[in-house]
Amino acid sequence: APPPLRALMDWGTRMYFFCFSRAGAACLGSVNLKGRSCLTLKDFSSDEIKKLLWVSGDLKHRIKHEKQYLPLLQGKSIAMIFEKRSTRTRMSTETGFTLLGGHPCFLTSQDIHLGVNESCTDTARVLSGLCDVVLARVNSHSTLEELDREASIPIINGLSDLYHPIQILADFLTLQEHYGSLNGLTVSWIGDGNNVLHSFMMTAAKLGVHLKAATPKGYEPDKSVTEEAHRLAKQHGTQFILTSDPMEAARDSNVLVTDTWVSMGQEEEKKKRLKDFHGYQISMQTGSVAKSDWTFLHCLPRKMEEVDDQVFYSSRSLVFSEAENRKWTIMGLIVSLLTDYTPRIPMLKF
């Protein structure tokens, strides 16, 4: 095209993307999650997940980088029920809620006996009158569902046997920060078909992310979750591939992810599991078939058999940023469920 026409076309292209960006921000800005629970990201749309990540990035920027004090949760309290111990979930929630002006109350199985000394129904109704939100880290997902049915306040899944949604929010914020956007990335899971993988399966396609998962035979993800993941991939035009070959999963991937092979409560299976997962350790050899910009994630705590030191402590490893982002994303989630907060920074690129 002649120079004047080319300049006009360039201007038109810039205006299109400017308007598209403004329209996208306006669209996400209208998303309101106040009063919702978060048991699984299966229940959240693409725009709702993006809004959660945007709010999380906004809070991180304003509080960490701009040193602003934002008492958005002043006068509010959270009940934190932990049937399973945790470093990151407890620390991120307690410090994040306090940083926003609220009061966290930590309850272990020594303090509260769900369904034993008091029914889940009664516990949910009692806590609904004493606090503003409940985060529960439980053995069985059905416990969360019962709490949610009976409570009049939001219930957040801090981890269950089926899903770990707050971990996945942190993972995708970490990847967005590193790569600048998420759409078109390929994430490869190499390990157990567990709750973290299930949450990746319910989220990746909604963000335009391709997902490949390698699990040993007998350790595949839940059948109903797998069926939903295939449906989501088809709906959003992404790839979802299951295999038992770690190198096949890693090939041409941007992100290699694994998790513990022996979760809490599976200690008696350790010897068998270590044998069954032989060959699944992530190493530089695994990364040799991935894309040149590949990175590594692990929700922690990590064991040597899952990933070697050369990868874990390398510049490709994002695990410590990922751990820190557990704090900003739980803050973003809670603020979104309890307030009408609108992000101040420009919408993140997805």
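Keep in mind the model is a prediction, meaning the values are calculated, not measured. (Residues numbered from 1 in each chain as written. Predicted model: local features only at pLDDT ≥ 70, side-chain atom pairs only at ≥ 80, totals over all residues. Heavy atoms only, no water.)

1. Observations concerning the environment of Pro154
Under the convention used in this document: Put simply, DSSP H or I for four residues or longer makes a helix, DSSP E for two residues or longer makes a strand, and each gets a number counted from the N terminus. What makes two residues a contact is simply this: any of their non-hydrogen atoms within 4.5 Å.
Secondary-structure assignment places Pro154 in the loop between α5 (141-150) and β4 (155-159). It is 8.8 Å that separates the C-alpha atoms of Pro154 and Lys34, two residues lying 120 residues apart in sequence. Beyond its immediate sequence surroundings of up to four residues, Pro154 is in contact with Gly35, Arg36, Ser37, Asp132, Val133, Val134, Leu337 and Leu338.

2. Things to note about the sheet that holds β4
Let me state the cut-off plainly: Pairing between two strands is assigned when DSSP locates at least 2 bridges connecting them. Axes here refer to lines fitted to C-alpha atoms; in helices the fit is confined to the stretch in contact. Angles between the N-to-C directions go from 0 to 180 degrees.
Taking strand neighbours across the sheet as the criterion, the 4 strands line up as β2-β1-β3-β4 in an open arrangement whose pairing is parallel. Among the strands making up the open sheet, the edge pair consists of β2 (103-108) and β4. Each neighbouring strand pair of the sheet contributes to a mean axis angle of 20°, computed without reference to strand direction. Examined bridge by bridge, strand β1 (residues 77-82) and strand β3 (residues 133-137) share 5 bridges and lie parallel to one another. Residue Ile78 lies in a different strand from β3, and its bridge partner there is Val133.

3. Details of the domain arrangement of the chain
The following threshold applies: Segment limits for the domains were obtained from an automatic or database-derived domain assignment. Reported buried area values correspond to the accessible surface (1.4 Å probe) lost by two parts on association, with both partners' losses combined.
Each assigned domain of the chain is listed with its residue range as follows: domain 1 (32-164 + 326-338) and domain 2 (166-261 + 279-323). Computed over C-alpha atoms only, the centres of domain 1 and domain 2 are separated by 25 Å. The interface is formed by 31 residues belonging to domain 1 together with 25 residues belonging to domain 2. Where domain 1 abuts domain 2, roughly 2,300 Å² becomes buried across the two surfaces, and 66% of that area is made up of carbon and sulfur atoms.

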